[in-house]
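If you want the building blocks of each chain, they are given just below.
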Amino acid sequence: MTLVDLKPLKRLLRLVAGMLSVPPGRGRIALAYLYGLVCHTLFAAAVLAMIAAMFFGMSRSLGTLPDPWRYLANAFLLLQFPLTHSVLLSARGRKWLSALAPSGHGKTLATTTYAIIASVQLLLLFAFWTPSGVIWWQAEGAVFWLLCGLYTLSWLLLIKASYDAGAEVQSGALGWMSLAQNIRPIFPDMPETGLFKIIRQPIYVSFALTTWTVPVWTPDQLAVASFLTAYCLLAPMLKERRFASQFGDRFRQYQATVPYILPSVTRRPKK
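Predicted, not measured: the structure shown is a model, and the values here were computed from it.

Participant: Pulling in residues and values, what's your account of the layout of surface pockets?
Facilitator: Within this model, the largest pocket holds a volume of roughly 1,800 Å³. Put simply, the parts of the chain that give the lining of the largest pocket at least two residues each are α2 (26–55), α3 (69–88), α4 (91–98), α5 (110–127), α6 (141–170), α8 (202–212) and α9 (219–247). Top element by residues in the lining of the largest pocket is α6. It accounts for nine residues. Grouping the constituent residues of the lining of the largest pocket by class yields 33 nonpolar, eight polar and six charged.

Participant: Can you explain the packing of aromatic side chains? Please cite residues and give values.
Facilitator: Counting across every chain of the model gives 13 aromatic pairs. Ring plane angle 70° and centroid distance 5.7 Å describe the contact between Phe-243 and Phe-251, whose orientation is recorded as edge-to-face. Phe-251 matches Phe-243 in its accessibility class, with the two residues each being buried. These aromatic residues form a ring-pair network of at least three members: Phe-55, Phe-56, Phe-144, Trp-145, Tyr-151 and Trp-155. The ring centre of Tyr-71 lies 4.2 Å from the NZ or CZ of Arg-70, which sits over that ring.

Participant: Give me the lowdown on empty space enclosed by the protein, citing residues and values where you can.
Facilitator: The full count for this structure, using the stated rule, is one cavity of 30 Å³ or more. Counted as a void, the largest cavity has a volume near 50 Å³. If you trace the largest cavity, you find it lined by Pro-191, Phe-196, Arg-200, Gln-201, Lys-239, Glu-240, Phe-243, Phe-251 and Tyr-254. If you list the elements that add at least two residues to the lining of the largest cavity, you get α9 and α10 (249–257). Among the elements that make up the lining of the largest cavity, the one with the highest residue count is α9 (three residues). Considering only residue class, the lining of the largest cavity consists of five nonpolar, one polar and three charged.

Participant: So what's going on with the confidence of the model for the protein chain? Residues and values would help.
Facilitator: Detailed conclusions should not be drawn from predicted coordinates in areas where pLDDT is low. Averaged over the protein chain, the pLDDT score is 91; the fraction of residues at 70 or greater is 96%. No element of the protein chain has a lower mean pLDDT than α4, at 80, and none a higher one than strand β2 (residues 216–217), at 98.

Participant: Now, about the side chain of Thr-218: what can you tell me, with residues and values included?
Facilitator: By the element assignment, Thr-218 lies in the loop between β2 and α9. At a separation of 3.0 Å, a polar atom in the side chain of Thr-218 contacts the main-chain amide nitrogen of Gln-221. Residues within four places of Thr-218 in sequence aside, it is in contact with Gly-57, Ser-59, Val-134, Ile-135 and Trp-136.

Participant: An account of the environment of Leu-125 is requested, with residue identities and associated values reported.
Facilitator: For Leu-125, the position within the fold is in helix α5. Take Leu-125: its relative accessible area is 0%, and that puts it in the buried class. For the pair Leu-125 and Val-224, spaced 99 residues apart in the sequence, the C-alpha separation amounts to 9.5 Å. In contact with Leu-125, not counting residues within four places along its chain, are Met-58, Leu-77, Leu-78, Gln-80 and Leu-228.

Participant: Which residues make up α9, and what values go with them?
Facilitator: For α9, which comprises 29 residues, the first-to-last C-alpha distance of 42 Å matches the rise-based estimate of 42 Å (1.5 Å per residue) to within 8%. Bending of α9 peaks at approximately 25° at the position of Cys-232, with proline Pro-236 no more than four residues after it. Just beyond α9, the residue with positive phi is Gly-248, at close to 60°.

Participant: Which residues make up the packing of α2 against α6, and what values do they have?
Facilitator: Packing of α2 against α6 brings their axes to within 12 Å, and their N-to-C directions diverge by 155°. The orientation of α2 relative to α6 falls into the category roughly antiparallel. In this structure, α2 crosses over α6, and the sense of that crossing is right-handed. Of the residues in α6, those in contact with Phe-43, Val-47, Met-50, Ile-51, Met-54 and Phe-55 of α2 are Phe-144, Cys-148, Tyr-151, Trp-155 and Gln-170. Of the residues assigned to the contact of α2 with α6, the class counts are ten nonpolar, one polar and no charged.

Participant: Lay out the pattern of salt bridges in plain terms, naming residues and giving numbers.
Facilitator: Across all of its chains, the model carries seven salt bridges by this definition. With a closest N to O distance of 2.8 Å, Asp-67 and Arg-70 form a salt bridge. Classification of Arg-70 as buried rests on a relative accessible area of 10%. One salt bridge connects Asp-249 with Arg-252, and the closest N-O pair in it is separated by 3.2 Å. Here Asp-249 pairs with Arg-252, and both are found in helix α10, just three residues apart, close to one helical turn. Arg-252 gets classed as partly exposed once you look at its relative accessible area, which sits at 42%. One salt-bridge network, in which partners are shared between bridges, spans Asp-189, Glu-192 and Arg-250.

Rules of the game
Residues numbered from 1 in each chain as written. Predicted model: local features only at pLDDT ≥ 70, side-chain atom pairs only at ≥ 80, totals over all residues. Heavy atoms only, no water. 1 Å grid on protein atoms, 1.4 Å probe; cavity = no way out; pocket = protein on both sides within 12 Å on 5 of 7 lines; lining within 4 Å. Points joined across faces, edges and corners; volume = space filled by probe spheres on them. Helix = DSSP H or I, 4+ residues; strand = E, 2+ residues; numbered from the N terminus. Nonpolar A, V, L, I, M, F, W, Y, C, P; charged D, E, K, R; others polar. Phe/Tyr/Trp six-rings, centres within 6.5 Å; stacked < 30°, edge-to-face > 60°. Buried < 20%, exposed > 50% of the residue type's maximum accessible area, 1.4 Å probe, protein only. Lys NZ or Arg CZ within 6 Å of the ring centre and 35° of its normal. pLDDT = per-residue confidence, 0-100. Polar contact = N/O pair within 3.5 Å; in protein donor to acceptor, adjacent residues only side chain to side chain. Contact = heavy atoms within 4.5 Å. Expected span 1.5 Å × (residues − 1). Bend = angle between axes of the 7 residues up to and from the residue. Axes fitted to C-alpha atoms, helices over the stretch in contact; angles between N-to-C directions. Parallel < 35°, antiparallel > 145°, perpendicular 65-115°, else oblique. Left-handed = near helix turned anticlockwise from the far one by under 90°. Salt bridge = Lys/Arg side-chain N within 4 Å of Asp/Glu carboxyl O.

Following this line, the structure appears as structure tokens:
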């Protein structure tokens with residue numbers, strides 16, 4: 001079994017290469033680049049905030065609210081991400097996304113708009129969490145370096161899973177680059193290669209792993225890890241309903257042969 005598939009890379013490179021010669025249209029091009037700049041800046045800031053905040057067990061951030069407001073604010077920050085994330089992926093949510101861009105370009109920019117909103121949500125959660133000030137445990141010596149390695153590996157798995165699913169969609173690049181080239185966004189096919197050969201939901205599993213491989217443990221980290229892991233276990237069920245509706249028997253066959261989140265330890269007999 002090979003976990004390396006060059007098709008996602010070739011697809012991404014074709015999209016990027018198209019940016020070298022875009023059709024005329026100053027307003028359209030300016031709008032596309034503006035969305036791209038905002039999207040990727042916020043995306044990078046959100047990822048860095050998440051990596052740094054969880055590395056320290058959610059014990060360092062910009063939030064400074066006193067009790068009891070700290071509990072209410074942190075609960076809101078936890079809830080706003082999965083709820084909005086799931087709503088925007090629904091049929092009604094996709095219509096809302098299409099209305100959030102000027103000049104009738106909403107449908108083309110939908111993936112970029114979605115990435116912008118998701119990045120803002122993650123940035124709010126991890127940058128503005130108010131820490132409890134309690135540290136239960138902090139790794140030292142060899143254990144510290146082991147956990148640092150596992151934390152890094154979890155993030156690399158998340159990057160790999162996002163690549164396998166379609167980096168242009170996951171990063172938000174598909175929308176603004178398609179608008180700049182004045183083409184209809186071409187979405188990746190149903191992911192079945194790379195990590196998707198092992199489990200059906202590698203993005204959610206990798207995301208959950210990043211929350212449990214940290215070298216510092218606090219009540220804050222436990223709350224974040226538990227809540228986001230529960231989301232990562234349940235949310236893909238809604239995603240799979242959409243895939244079953246979109247891809248029909250092809251997805252149902254894939255669903256019957258590839259495990260949900262835990263890799264199979266037994267090899268299936270060849271037909």
